[in-house]
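Each chain is listed here by its residues.
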Amino acid sequence: MHSNSLSAHSAALRNKAYSSVELTQHYLKRIDSAKNLNAFITVTEELALEQARHADRMLHHNEAHELTGIPVAHKDLFCTKGVLTTCGSKMLSNFVSPYDATVVEKLKQQGMVMLGKTNMDEFAMGSSNETSYYGAVKNPWDVQRVPGGSSGGSAAAVSARLAPIATATDTGGSIRQPAAFCGLTGIKPSYGRVSRYGMVAFASSLDQGGIVARNARDAALVLQAMSGFDPRDSTSSQHPVPDYGKVLEQSIRGKTIGLPKEFFGDGVDADIADAIQRAIRELESLGAKTVQVELPNSAVGIPCYYVIAPAEASSNLSRFDGVRYGYRAENYADLDDMYAKTRAEGFGAEVKRRIMIGTYVLSSGYYDAYYLKAQKLRRMIADDFSRAFEKCDLIAGPTTPGSAFIIGEKNDDPVAMYLNDVFTNAANLAGLPAMSIAAGFDDKNLPIGLQLIGKYLDESTLLTVAHQFQQQTDWHLKIPGAPGATGGLE
């Protein structure tokens, strides 16, 4: 049953091949049997079965939507009414949300069934899913390696077939990098396309909700349901959402793909460079054209991001003080001491590091030197994309410079960890849609991701190109535990 795609599940449920309850029970058993991956923080078994029974009633009375009855896992920073929302942090380890995030609400309205909340880097700060208070998530392709972060739990769950699809978020690459490491399709839509209401904020001008899925068709179906204007989110786009499913079968003949020279230089593993070149040739065989483009300021994307994101995190995380909700230190002398001890005990090392950096760059005497300069660089990065898109319809390149690395390998070198996002964070700084699709394997039999970046609000082109590529290749069909894989899963 778990070998079916989301689209196949939808057809099977409508044809009464199996019920939503049977499907949900199957996935719950798989989650229980794969606890070693540590992909979930909370499994909502009783709620899932209740929602599945409701979905079966909808199906029986022909009141179902295309997604009705299909299980979904939510990243644990989307608020879920009556269910723990921890953000992978001790600070929120006892927080039960009183309301649903818009993303959760919209998928619930479609009749989807929530399996649980997936593990993640603490407050989405990390590139390996090792900063979680609940422990590291393991990559199903090799349990000695990371699944990527911060949406590593969502990626591991979908890759290991513990869920057919999962929600995720991306602030600097946190959907695309785990998708690349786990052999999945991951899409970060344009900033504003998906509501951030009820999505616990890390860096408000960069965060965007999205999907990790097995293929572009599944991603398109769920992204369609998630997207749209939300009056509760002041940054939500009022542009109408196109029908992503209708465009998938369109030919990509005549589409022009930009290849930035900055994405194909030194620093990219040879296996990854070769796989990306093969993928581009595949797209050319489908009728696409390629052209060289330049993103001259992409090299400053990392330092720019690691000024802006921590600055916004410093502001956003100031609300976690032990007063209103969440963790509170047990022993303290006075109010100031309670603040200090609560935050010292409640936050992990990476979160503290970013709060300190963010507070520093916003402080008197340093605002102009760091934060203001980073905002100017951000505009230059966005302008680079605008000029590049005068020559092409989308941009392609590697998602990451290397494949999944060993757990613990980069923990002592934050800069090396941050460089995992060298190709991904520019899309967040510019607010552009971007996705990663499976495009091969390296010599260690680890997945490689091809990144596609589109024009603002043009998710349709990305999904169409990804779908057409997947019609001609089978990388997205590979599963951990297949011959040659090292994950040991069925």
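Residues numbered from 1 in each chain as written. Predicted model: local features only at pLDDT ≥ 70, side-chain atom pairs only at ≥ 80, totals over all residues. Heavy atoms only, no water.

## Looking at the pairing of strand 6 (residues 208–213)
1) Next: In terms of burial, strand 6 is largely enclosed, as six of its six residues are buried.
2) Next: Bridging between strand 4 (residues 166–170) and strand 6 involves five bridges; their strand directions are antiparallel. Opposite Thr-167, over in strand 6, you have Ile-211 as the bridge partner. (Buried < 20%, exposed > 50% of the residue type's maximum accessible area, 1.4 Å probe, protein only. Helix = DSSP H or I, 4+ residues; strand = E, 2+ residues; numbered from the N terminus. Pairing = 2+ DSSP bridges.)

## Some remarks on the packing of helix 10 (residues 301–316) against helix 12 (residues 349–362)
1) Next: At a minimum axis distance of 7 Å, the contact between helix 10 and helix 12 shows a crossing angle of 100°. Judged on the interaxial angle alone, helix 12 and helix 10 are roughly perpendicular. Where helix 10 abuts helix 12, its residues Tyr-306, Val-307, Pro-310, Ala-311 and Ser-314 lie against Arg-354, Ile-355, Ile-357, Gly-358, Thr-359, Val-361 and Leu-362.
2) Next: Within the contact of helix 10 with helix 12, the residues separate by chemical class into eight nonpolar, three polar and one charged. (Axes fitted to C-alpha atoms, helices over the stretch in contact; angles between N-to-C directions. Parallel < 35°, antiparallel > 145°, perpendicular 65-115°, else oblique. Contact = heavy atoms within 4.5 Å. Nonpolar A, V, L, I, M, F, W, Y, C, P; charged D, E, K, R; others polar.)

## A word on the layout of surface pockets
A water-sized probe, rolled over the atoms, reveals where empty space remains.
1) Next: Computed from the structure, the largest pocket encloses a volume of approximately 330 Å³.
2) Next: Forming the boundary of the largest pocket are 14 residues, of which Tyr-99, Met-199, Val-200, Ala-201 and Arg-319 lie nearest the centre.
3) Next: Looking at the lining of the largest pocket, its residues break down into ten nonpolar, two polar and two charged. (1 Å grid on protein atoms, 1.4 Å probe; cavity = no way out; pocket = protein on both sides within 12 Å on 5 of 7 lines; lining within 4 Å. Points joined across faces, edges and corners; volume = space filled by probe spheres on them.)

## Description of empty space enclosed by the protein
1) Next: Tallying each qualifying case throughout the model produces one cavity of 30 Å³ or more.
2) Next: By volume, the largest cavity is sized at about 60 Å³.
3) Next: Along its surface, the largest cavity is lined by Ala-124, Met-125, Gly-126, Ser-127, Gly-172, Gly-173, Ser-174, Phe-202, Tyr-305, Tyr-306, Arg-354 and Asp-421.
4) Next: Class assignment for the residues of the lining of the largest cavity results in five nonpolar, five polar and two charged.

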